[in-house]
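# Structural characterization, general
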Amino acid sequence: MSRRISIEALRADFTQRFGVTARVFSAPGRVNLIGEHTDYNDGFVLPMAIGRRTFVAASPRSDRRVVAHSLTVSAPFELELDVEGPRRRGHFGDFVEGTARALLARGIPLVGANLLIDTEVPLGAGLSASAALEMAVGLALASLAGHQDMSRVTLSLAGQAAEHEYVGTLCGIMDQYIAALGEKGHALLIDCRSLEQRAVPMHLDGASVLVCDTHVKHDLASSEYNLRRADCERAVSILAKSLPGVTALRDVTMADLERHAHALPEVVHRRARHVVSENARTLDAAQALERGDFERFGRAMCESHVSLRDDYEVSAPELDAAVDAALTVPGVFGARMTGGGFGGCTVMLVRDEAIPAVSSAVSEKLRSEFGRDPEIFSSRAHGGAREESF
Ligand code: GLA
């Protein structure tokens, strides 16, 4: 079960370790409602920030060091702002150093800092614990240097650069963007090309977003993720020969794709078909949510899952089983895997009165077929990265 962090206890721990008082910053994990594997294709996504956050207590130092302690990792991490450290160390220091370097590279001057980090976002569950860490650390470091008003889009781009350069995941912008800019009571329809967004109110009256963490982690996730990206790039390079102006799958319509299907290897065609159809579904689903049309929204979620399972091939048997079990329960509008895939979470839109029945149907299925004990929780839409007041 998830831990709740006490900001007071975190500050007290900080004072004991560093002998000074701290400001506290935080950023949320996220669940993506729809729009999967579209962000790195310049497309559309519709995530919301969840109520579980990563907290960073922080104070400035008089030297140029950043000293980071994490309550979930034993060894502290240190970096010198003026000396670049190695990349891809394989621990939380990559996120800290990557974010600090990316902020410096974007012209945000930083000062030395003491950091104490703790998180409520489970690691490796597909709820973007890493983006929450980057955005909380990034906001803390920028704020200590007097740049708390820096553009949140720039902050999110710095987090994405940290992933690309220091962590080694070629992720899109969705996770960092929603962690930086999430709005209470709203999902964000993000245009991953223009980096503009529209806040979509989550007037769920009588319905809830349920998240099921299957606790399945697949080693394939990162290597397969990068392969999917490469398939999409291949599709673009082939299609661009006959479709001038196409620079990303965002620019391709379903009619275009089908007309040129013969030019694409079969697997590449299916990958592209997922992305093109998912972009259209995401725009449609956002409109349905705005109108309170949960039936239509739920249908789009289900279609998204099938497309991710069959065309994009990023689902997992446990995710498919969790989705199938949910859909047997009356009052479930829709269910799908969420995030990068190969494990992690599913997301469902359900009538409030169906929550107990869905939870037991999904848990039962995962227990009996896979010996897994999932965690199922409902979440409202929360705000993005912020400084905590107390
Ligand atoms: C991961 C990445 C995101 C996005 C999703 C899939 O969460 O970090 O950028 O590509 O997978 O939609």
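Residues numbered from 1 in each chain as written. Predicted model: local features only at pLDDT ≥ 70, side-chain atom pairs only at ≥ 80, totals over all residues. Heavy atoms only, no water.

### Re the side chain of S379
The line we're drawing: Helix and strand definitions here come from DSSP, where helices need a minimum of 4 consecutive H or I residues and strands a minimum of 2 consecutive E residues; each element is numbered from the N-terminal end. Contact criterion: two residues are considered in contact whenever any of their non-hydrogen atoms come within 4.5 Å of each other.
Looking at the element boundaries, S379 is found in strand β11 (residues 375-379). Look past the residues within four positions of S379 in its chain and what remains in contact with it is M48, I50, G51 and V209.

### As for the site of the ligand
Filter applied, for reference: Note on definitions. A residue lies near a molecule or strand when any single heavy atom of the residue is within 4 Å of it. Think of a polar contact as two N or O atoms within 3.5 Å of one another; within protein, one of them needs to be a possible hydrogen donor and the other a possible acceptor, and neighboring residues in sequence only count if both atoms come from side chains. Accessible surface is estimated by sampling points in the Shrake-Rupley manner with a 1.4 Å probe; for residues, cover comes only from the protein chains shown. Lys, Arg, Asp and Glu make up the charged group, whereas Ala, Val, Leu, Ile, Met, Phe, Trp, Tyr, Cys and Pro make up the nonpolar group; the residues left over, Gly among them, are polar.
Close to the ligand lie R30, E36, H37, D39, Y40, C171, G172, M174, D175, Y225, G339 and G340. Here an oxygen atom of the ligand and a side-chain polar atom of Y225 are 2.6 Å apart. If the ligand stood free it would expose 310 Å²; the protein chains cover 91% of that surface. Across the shell around the ligand, the residue classes break down as four nonpolar, four polar and four charged.

### Considering the nonpolar core
So the rule is basically this: What we call a nonpolar core is a set of buried Ala, Val, Leu, Ile, Met, Phe, Trp, Tyr and Cys residues that are connected through their side-chain atoms within 4.5 Å. Burial classes follow relative accessibility: with a 1.4 Å probe on protein chains only, a residue under 20% of its type's maximum area counts as buried, one over 50% as exposed, and anything between as partly exposed.
Grouped together as the largest cluster of nonpolar side chains are 48 residues, with contacts concentrated most on V56, V96, L103, L115, I117, V137 and L141. Residue contributions to this core peak at 10 residues, all from helix α3 (residues 129-144).

### Looking at the sheet that holds strand β8 (residues 207-213)
The strands that make up a sheet are held in pairs by hydrogen bonds between backbone atoms, and each pair lies either parallel or antiparallel. Going by this rule: A pair of strands is considered paired only if DSSP assigns at least 2 bridges between the two. Throughout, an axis means a line fitted to C-alpha atoms (over the contacting stretch in the case of helices), and angles, computed between N-to-C directions, take values from 0 to 180 degrees.
On the basis of which strands lie adjacent, the open sheet formed by four strands has the order β9-β10-β8-β11 and antiparallel pairing. Whereas interior strands pair on both sides, the edge strands pair on one side only; in this sheet they are β9 (332-338) and β11. Between one strand axis and the next, the sheet turns through 20° on average, direction left out of account. Of the pairings in the sheet, the one linking β8 to strand β10 (residues 345-351) comprises seven bridges and is antiparallel in character. By the bridge assignment, L210 is partnered in β10 with M348.

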